[in-house]
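Residues per chain, in single letters:
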Amino acid sequence: MKSKDFFALLNNISTLPIHVIDATIPISQYIAINVSENNIDLNTFNVSSSLAWQEYIDRYLQKHHKKIAFGGYLEQRNIYKRSTYFNQENNEEERNIHLGVDLWVAAGTKILTPLDATVHSFKNNTHYGDYGPTIILKHIINEEEFFTLYGHLSVASIQGLKVGQYFKAGECIATLGDASVNGDYAPHLHFQIIKDLENNVGDYPGVCSKKNLDRFKINCPDPNTLLKLNY
Ligand SMILES: [Zn+2]
């Protein structure tokens, strides 16, 4: 399927916003946030500290009287510099461009599948700065197969889960993890759409280098094409 057609398929699933976070929190309580290297506010605290991040996100939400901050697709970010996991090779290969959407909300919050799904795989990705507990769901729409990835979950979310397990759209699949299990971040869901998993199991790159961006952005389109959180 051509990338243009996959984009249209995702876009046509719903005209209304779709919840991947506890649906009792209305979309009116969401606000966009920029955590790219262009946000100068990020120079005012230690971005390597999950606690300092938490305070920054909390202040941002309080200031705007909102409950969920979201954004980040294709943002170029500095935060990944803290972990060698993203920068094992030379600088040209630095992985710092974000391929999903992040939704910043309290640990323990329910995570929902946006579509009917079966569990493709799950894994605890424990590198410093990695996803921690992660679930990948498989969806089939109009006979097209694609995947959604949920990162930074609680450990309980992957205990007792089974490959092939079915979830109906809107069902709770997990809860959000805290900094002690989620790769050491302020609590947030990393949600990513993936067309071709390329044989990955329970994991898939959530950031890429500039060099590989063209390939990755075709395989991982903007999650907001499906979720429509900007409306
Ligand atoms: Zn993310």
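Described in the following lines is the structure provided in the data block. What you are looking at is a predicted structure, and each value in this text was computed from that prediction instead of being measured.

Take the packing of aromatic side chains next. The final tally for this structure, using the stated rule, is nine aromatic pairs. Ring plane angle 65° and centroid distance 5.4 Å describe the contact between Phe6 and Phe146, whose orientation is recorded as edge-to-face. Taken together, the residues span a long stretch of sequence, with Phe6 in helix α1 (residues 3–11) and Phe146 in strand β8 (residues 144–151) at a distance of 140 residues. Relative to Tyr60, the ring of Tyr56 has its centre 6.4 Å away and its plane inclined at 35°; by these criteria the two rings are tilted. Taken together, the positions of Tyr56 and Tyr60, both in helix α2 (residues 50–64) and four residues apart, correspond to about one turn of that helix. Take Tyr56 and Tyr60: they sit in the same class, and that class is buried. Cluster of aromatic residues (ring-pair linked, three or more members): Phe45, Trp53, Tyr56, Tyr60 and Trp104. The lysine or arginine in question, Arg215, covers the ring of Phe216, its NZ or CZ lying 4.5 Å from the ring centre.

We now examine the coordination of the zinc ion. Around the zinc ion, the protein contributes the donor atoms His98 (NE2), Asp102 (OD) and His190 (ND1), at 2.1 Å from the metal centre. Positions of the donor residues of the zinc ion along the chain correspond to the pattern H-x3-D-x87-H. On the criterion of sequence distance, the pair formed by Asp102 in strand β4 (residues 101–104) and His190 in strand β11 (residues 188–194) is long-range, its members being 88 residues apart. Residue classification places Asp102 among the buried positions, given a relative accessible area of 1%. A residue is classified by how much of its surface remains accessible, and His190, at 3% relative accessible area, is buried.

Turning our eyes to something else, we now look at empty space enclosed by the protein. The full count for this structure, using the stated rule, is one cavity of 30 Å³ or more. Estimated volume of the largest cavity: approximately 50 Å³. Residues belonging to the lining of the largest cavity are distributed by class as follows: six nonpolar, one polar and two charged.

The next thing to look at is the pairing of β8. Counting buried residues along β8, seven of its eight residues qualify, which places the element largely inside the surrounding structure. Direction of pairing for strand β7 (residues 132–141) relative to β8: antiparallel, over a ladder of seven bridges. Following the sheet pairing, Ile141 is matched in β8 by Glu144. The hairpin formed by β7 and β8 contains two residues between the paired strands, and Asn142 there has a positive phi angle of roughly 50°.

Moving on, we get to the nonpolar core. In this structure, Ile21, Tyr30, Leu103, Ile111, Leu189 and Phe191 are the most contacted members of the largest nonpolar core, which totals 35 residues. What Ile111 contacts, discounting residues up to four positions off in sequence, is Val20, Ile21, Tyr150, Leu153, Glu171, Cys172, Ile173, Ala174, Thr175, Leu176 and Leu189. Membership of the second largest hydrophobic core comes to 21 residues, among which are Leu42, Phe86, Trp104 and Val207.

Ordered in space as β1-β2-β4-β11-β8-β7-β6-β9, the eight strands form an open sheet in which the pairing is mixed. Looking along the sheet, the strands with just one partner apiece sit at the ends: β1 (30–32) and β9 (166–167). Here α1 sits on the sheet in contact with β7, β8 and β11, set at roughly 70° to β8. Against the sheet, α2 makes contact with β1, β2 (68–71) and β4, and its axis sits at roughly 115° relative to β1, the strand it touches most.

Glancing now at α1. Buried within α1 we find Phe6, Leu9 and Leu10. Viewed along the axis of α1, the buried residues span an arc of 95°, placing them on a single side of the element.

The next subject is α2. The terminal C-alpha atoms of α2 lie 21 Å apart, and with 15 residues this matches the ideal 21 Å at 1.5 Å per residue to within 8%. Those residues of α2 that sit buried are Ser50, Ala52, Trp53, Tyr56, Ile57, Tyr60 and Leu61. Next to the buried residues of α2 lie β1, β2 and β4. Positive backbone phi, approximately 55°, marks His65, located one or two places after α2.

Cut-offs and rules
- Residues numbered from 1 in each chain as written.
- Predicted model: local features only at pLDDT ≥ 70, side-chain atom pairs only at ≥ 80, totals over all residues.
- Heavy atoms only, no water.
- Phe/Tyr/Trp six-rings, centres within 6.5 Å; stacked < 30°, edge-to-face > 60°.
- Helix = DSSP H or I, 4+ residues; strand = E, 2+ residues; numbered from the N terminus.
- Buried < 20%, exposed > 50% of the residue type's maximum accessible area, 1.4 Å probe, protein only.
- Lys NZ or Arg CZ within 6 Å of the ring centre and 35° of its normal.
- Donors = N, O, S within 2.8 Å, 3.2 Å for Na, K, Ca; no water.
- 1 Å grid on protein atoms, 1.4 Å probe; cavity = no way out; pocket = protein on both sides within 12 Å on 5 of 7 lines; lining within 4 Å.
- Points joined across faces, edges and corners; volume = space filled by probe spheres on them.
- Nonpolar A, V, L, I, M, F, W, Y, C, P; charged D, E, K, R; others polar.
- Pairing = 2+ DSSP bridges.
- Core = buried A, V, L, I, M, F, W, Y, C linked by side-chain atoms within 4.5 Å.
- Contact = heavy atoms within 4.5 Å.
- Axes fitted to C-alpha atoms, helices over the stretch in contact; angles between N-to-C directions.
- Arc of directions from axis to C-beta.
- Expected span 1.5 Å × (residues − 1).

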